[in-house]
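Below are the chains, spelled out letter by letter.
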Amino acid sequence: MLSSFFPTNDWQSFFTEQHQKDYFKNLEKTLANKTAKATVYPLSKDIFSAFNHTSRADTKVVILGQDPYHGENQAHGLAFSVQEGVKVPPSLKNIYKALEQDDVAFTTPSHGYLVDWAKQGVMLLNAVLTVEQGNANAHAGIGWETFTDAVIAEINQQSTPCVFMLWGGPAQKKGEQIDSQKHLVLTAPHPSPLSAYRGFFDCHHFSLANNWLKAQNREPINWQLSEKQSSLF
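Given the structure is predicted, the values throughout are model-derived calculations rather than measurements.

Conventions adopted
- Sequence order as written defines the numbering, with residues in each chain counted from 1.
- In view of the model being predicted, local features appear only for residues whose pLDDT reaches at least 70, and side-chain atom pairs are presented and counted only at 80 or more, with totals across whole chains, interfaces and linings using the full set of residues.
- By convention in this description, side-chain values take in all heavy atoms of the structure and omit both hydrogens and water.
- Any carboxyl oxygen of Asp or Glu that lies within 4 Å of a side-chain nitrogen of Lys or Arg is treated as forming a salt bridge with it.
- Whether a residue is buried, partly exposed or exposed follows from its accessible area with a 1.4 Å probe, protein chains only, as a fraction of its type maximum: under 20%, in between, or over 50%, in that order.
- Here a helix means four or more residues in a row that DSSP labels H or I, a strand means two or more in a row labelled E, and each is numbered from the N terminus.
- UniProt positions are given in the numbering used here, feature names are shortened, and annotations may be inferred rather than shown by experiment.
- Here a residue-residue contact requires only that any non-hydrogen atoms of the pair lie within 4.5 Å.
- Polar contact criterion, stated in full: a pair of N or O atoms within 3.5 Å, where within protein one must be able to donate a hydrogen and the other to accept it, and residues adjacent in sequence count only if both atoms are side-chain atoms.
- Strand pairing follows a simple DSSP-based rule, namely that at least 2 bridges must link the two strands.
- Note on handedness: a crossover is taken as right-handed if, strands pointing away from the viewer, the path from the first strand over the helix to the second is clockwise.
- Throughout this description, the term nonpolar core refers to a set of buried Ala, Val, Leu, Ile, Met, Phe, Trp, Tyr and Cys residues connected via side-chain atoms within 4.5 Å.
- Here the axes come from fitting lines to C-alpha atoms, over the contacting stretch only for helices, and the angles between their N-to-C directions go from 0 to 180 degrees.
- Angular relationships are summarised with four words: roughly parallel below 35 degrees, roughly antiparallel beyond 145, roughly perpendicular across 65 to 115, and oblique for the angles in between.
- By definition, any crossing whose near helix is turned counterclockwise from its far helix by less than a right angle is left-handed, and any crossing with a clockwise turn is right-handed.
- Asp, Glu, Lys and Arg are counted as charged, while Ala, Val, Leu, Ile, Met, Phe, Trp, Tyr, Cys and Pro are counted as nonpolar; the rest, among them Gly, fall into the polar class.

Engineer: Looking at this structure, how should I read the pattern of salt bridges?
Structural biologist: Opposite charge on two side chains lets them pair, provided their charged atoms get close. All told, the structure shown has four salt bridges when counted by the stated rule. Glu17 is the partner of Lys21 in a salt bridge, and the nearest nitrogen-oxygen pair spans 4.0 Å. Given a relative accessible area of 36%, Lys21 falls into the partly exposed group. Glu17 sits in the partly exposed class, given a relative accessible area of 42%. Residue Asp149 is joined to Lys174 by a salt bridge in which the shortest nitrogen-to-oxygen separation is 2.7 Å. Taken together, the residues span a long stretch of sequence, with Asp149 in helix H6 (residues 144-157) and Lys174 in helix H7 (residues 169-174) at a distance of 25 residues. Note on Asp149: relative accessible area 32%, which makes it partly exposed. For Lys174, a relative accessible area of 13% corresponds to the buried category.

Engineer: Quick question: what am I supposed to make of the UniProt feature "active site" (unreviewed entry) in the chain here?
Structural biologist: With numbering aligned to this structure, UniProt lists the feature "active site" (unreviewed entry) at Asp67. Inspection of the secondary structure puts Asp67 in the loop between strand E2 (61-65) and helix H4 (90-101). Contact partners of Asp67, with chain neighbours within four places excluded, come to Asn126, Val128, Val131, Ala136, Asn137 and Ala138. Looking at Asp67, its side chain comes within polar contact range of the main-chain nitrogen of Asn137, at 2.7 Å.

Engineer: How should the pairing of strand E5 (residues 163-167) be read in this particular structure?
Structural biologist: Two faces belong to every sheet, and in a regular strand the side chains alternate between them. In terms of burial, E5 is largely enclosed, as five of its five residues are buried. Neither face of E5 is left uncovered, since the one carrying Val163, Met165 and Trp167 and the one carrying Phe164 and Leu166 both have all their residues buried. In the sheet, E2 pairs with E5 via four bridges, with the strands oriented parallel. Following the sheet pairing, Val62 is matched in E5 by Phe164. The sheet contact formed by E5 and strand E6 (residues 184-188) spans five bridges and is parallel. The residue bridging Trp167 from the neighbouring strand is Ala188, located in E6. The β-α-β motif built from E5, the intervening H7 and the parallel element E6 has right-handed crossover chirality.

Engineer: Would you take a moment to explain the pairing of E2 for this structure?
Structural biologist: For E2, the buried fraction is high: five of the five residues fall into the buried class. Here E2 shows a buried face lined by Val61, Ile63 and Gly65 and a second buried face lined by Val62 and Leu64. In terms of strand pairing, E2 meets strand E3 (residues 122-126) through five bridges, oriented parallel. Note on E3: the bridge partner recorded for Gly65 is Asn126.

Engineer: Sorry, what's going on with the nonpolar core here?
Structural biologist: Proteins that are soluble and globular tend to have nonpolar side chains buried together. Phe48, Phe51, Trp144, Phe147, Met165 and Trp223 are the most contacted members of the largest nonpolar core, which totals 72 residues. Of all the elements, H6 adds the most residues to this core, at six residues. Aside from chain neighbours lying at most four places away, what touches Trp144 is Leu2, Leu27, Leu31, Ile47, Phe48, Ala127, Val128, Leu129, Thr130 and His139.

Engineer: Is there a simple way to explain the packing of helix H1 (residues 12-19) against H6 in this structure?
Structural biologist: A pair of packed helices can be characterised by two numbers: the angle between their axes and the separation between those axes. Where H1 contacts H6, the axes come no closer than 11 Å and their chain directions differ by 140°. The pairing of H1 with H6 is recorded here as oblique in orientation. Seen along the crossing, H1 lies across H6 with a hand that is right-handed. Contact with H1, carried on its side by Phe14, Phe15 and Gln18, involves Phe147, Ala150, Val151 and Glu154 of H6 and no other residues of that element. Its residues assigned to classes, the contact of H1 with H6 comprises five nonpolar, one polar and one charged.

Okay, structure coming up:
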């Protein structure tokens with residue numbers, strides 16, 4: 001049962017509310033059936049890691065991905081992040097390249113483990129939270145999109161403004177509900193090698209986010225990732 005892995009911080013009431021809805025009950029059944037037939041990533045205990053690492057009250061920046069990496073030992077519940085010891089994927093390499101070109105002090109690390117960001121209030125949210133091994137987008141349409149729409153709506157209506165980074169068409173479409181009068185909404189091409197060259201590298205989203213956070217009297221994000229990582233969540 002997914003409820004065994006719900007966060008125990010200030011997201012708890014939101015999860016309890018969603019769990020009572022028909023779409024979530026159907027999602028839970030569908031996911032259980034798919035998990036019985038195929039290898040699913042991330043592990044059940046990691047599906048909601050983004051919410052465990054980044055509380056609702058602490059959320060400053062939302063980076064919206066599509067679905068988890070579908071290779072072995074990659075996904076651990078944070079969009080674009082991979083577990084320690086795993087090769088940095090191409091899209092994340094391009095995110096690092098954009099950071100190096102931005103007006104923030106950043107040196108590309110040797111890993112792709114983004115928990116440092118999550119702990120500072122960067123919600124690394126995928127639109128779909130599970131995937132099958134070797135089969136990208138395999139769990140699109142089973143109900144996760146409804147859940148993550150509700151997550152975005154929840155963050156959108158909170159009184160404290162935050163930054164939304166929407167990279168690529170699907171993320172931008174999903175973010176259409178966001179109140180851009182309250183929040184800072186930044187859009188750019190997706191960092192995938194297929195599209196990053198269209199303007200992602202010089203989007204300056206990271207410095208724009210920090211400048212805006214400072215104007216809101218909020219602590220900016222230290223985008224530099226430490227080389228010495230803590231144990232996996």
